[in-house]
Amino acid sequence: MDDAAGNRADDDVRPGEIDAFETATRDLVGLALRSVQDLDVSLSQYRLLLTIHELGPSSSSACAAALGVVGSSITRLADRLRASGHLVRGTDPDNRSIVTLHLTDAGRDVVRNVNDRRRRDLHTALTQLNPDARAACAAALQHLHATMAPGTSSDELRRRLPL
C-alpha cells in the first residue's frame, strides 16, 4: 500500500527495480560521457570548467572542495586550461592574496556545447516515450533525488561532483 506521498508501505525492493535503476544509471552516465568525448579538453578539465561555470569565479580551494580533489590537482588543471585559453586567473576583490579562476569565452563555449548536446540527446530519448510515461519518469526521478539528498537543494547537489 502507498501513502499520500507515493511511498511504499513495505521496505521490499524488488530485484527488477534495482536492475532498472542500474540500467538507467548506465544509460545516463553513457549519455554524459558521450557529450564530452569530442572536446579539446580532458574530462577532468571539463569538470573544472563546469564547476567554475556553476560557482562563478572561484578560488582553487573552492573548486577542489566542490570536486573532491586536492588543490594541487586544480592548479595543474588550471595551468593547462589557462594555456589553452579556457580560463584566466584573477584576484578576489576582498582579499588580493586569493587567486580566483574565471572562464573565458572559450571556456563558456565548451560548457554550453556540452550542455546543449546533453539536452538534445535527452530530448531525443524522451520523445520516444509517451507523455504519461515521461511525466511518471520525471516524477520518480525528482522523488529519488529528494530521498538521496534530504535537505539539499537541486543546485547544491548538482554542484557537488559535476560530470
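Residues numbered from 1 in each chain as written. Predicted model: local features only at pLDDT ≥ 70, side-chain atom pairs only at ≥ 80, totals over all residues. Heavy atoms only, no water.

The number of helices and strands found in the chain is 7 helices and 3 strands. Starting at the N terminus and walking to the C terminus, you meet the elements of the chain as α-α-β-α-α-β-β-α-α-α. When the 163 residues of the chain are sorted by exposure, 25% land in the buried category. (Helix = DSSP H or I, 4+ residues; strand = E, 2+ residues; numbered from the N terminus. Buried < 20%, exposed > 50% of the residue type's maximum accessible area, 1.4 Å probe, protein only.)

Further remarks concern the confidence of the model for the chain. One rule of thumb: low pLDDT means the predicted coordinates there are not for detailed reading. For the chain, per-residue confidence averages 88 on the pLDDT scale, and 87% of positions sit at 70 or higher. Helix α7 (residues 154–160) is the least confidently modelled element of the chain, averaging 56 in pLDDT, while helix α5 (residues 105–126) averages 96, the highest of any element. (pLDDT = per-residue confidence, 0-100.)

Quick look at the packing of helix α3 (residues 60–67) against helix α4 (residues 71–83) now. At a minimum axis distance of 8 Å, the contact between α3 and α4 shows a crossing angle of 110°. In terms of orientation, α3 and α4 fall into the roughly perpendicular class. Note that α3 runs across α4; the crossing there is right-handed. When α3 is examined against α4, the residues S60, C63, A64 and L67 are found in contact with a partner set consisting of G71, I74 and T75. Split into classes, the residues belonging to the contact of α3 with α4 amount to 4 nonpolar, 3 polar and no charged. (Axes fitted to C-alpha atoms, helices over the stretch in contact; angles between N-to-C directions. Parallel < 35°, antiparallel > 145°, perpendicular 65-115°, else oblique. Left-handed = near helix turned anticlockwise from the far one by under 90°. Contact = heavy atoms within 4.5 Å. Nonpolar A, V, L, I, M, F, W, Y, C, P; charged D, E, K, R; others polar.)

For the rest of this paragraph, the subject is α4. Over its 13 residues, α4 runs 18 Å from end to end, which matches the ideal 18 Å to within 8%, given 1.5 Å per residue. Every buried residue of α4 is accounted for by I74, L77, A78 and L81. Axial view of α4: buried residues confined to an arc of 100°, hence all on one face. Where α4 is buried, its residues touch α2 (43–55), α3, β2 (87–92) and β3 (95–103). Of the residues trailing α4, G85 is marked for its positive phi of about 85°. (Expected span 1.5 Å × (residues − 1). Arc of directions from axis to C-beta.)

This part takes up the environment of D40. Following the sequence through the fold, D40 ends up in the loop between α1 (15–34) and α2. A sequence separation of 70 residues divides D40 from V110, and the C-alpha atoms of the two residues are 8.7 Å apart. Other than its neighbours up to four places away in sequence, D40 contacts H86 and V110.

With that settled, consider the sheet that holds strand β1 (residues 58–59). Within the open sheet, the 3 strands sit side by side as β1-β3-β2. Their pairing is antiparallel. If you trace the sheet from one side to the other, it starts and ends with β1 and β2, each paired once. When β2 meets β3, the two strands line up antiparallel, connected through 6 bridges. Paired with T91 across the two strands is V99, which belongs to β3. Its contacts with the sheet place α2 against β1, β2 and β3, and it is angled at close to 110° to β3. (Pairing = 2+ DSSP bridges.)

This part covers the side chain of R118. Relative to the elements of secondary structure, R118 occurs in helix α5. Buried charged residue R118 carries no salt bridge. Nearest counter-charge: D121, at 7.8 Å. Side-chain polar atoms of R118 contact the side chain of S35, separated by 2.7 Å. (Lys, Arg positive; Asp, Glu negative; His and termini not counted. Salt bridge = Lys/Arg side-chain N within 4 Å of Asp/Glu carboxyl O. Polar contact = N/O pair within 3.5 Å; in protein donor to acceptor, adjacent residues only side chain to side chain.)

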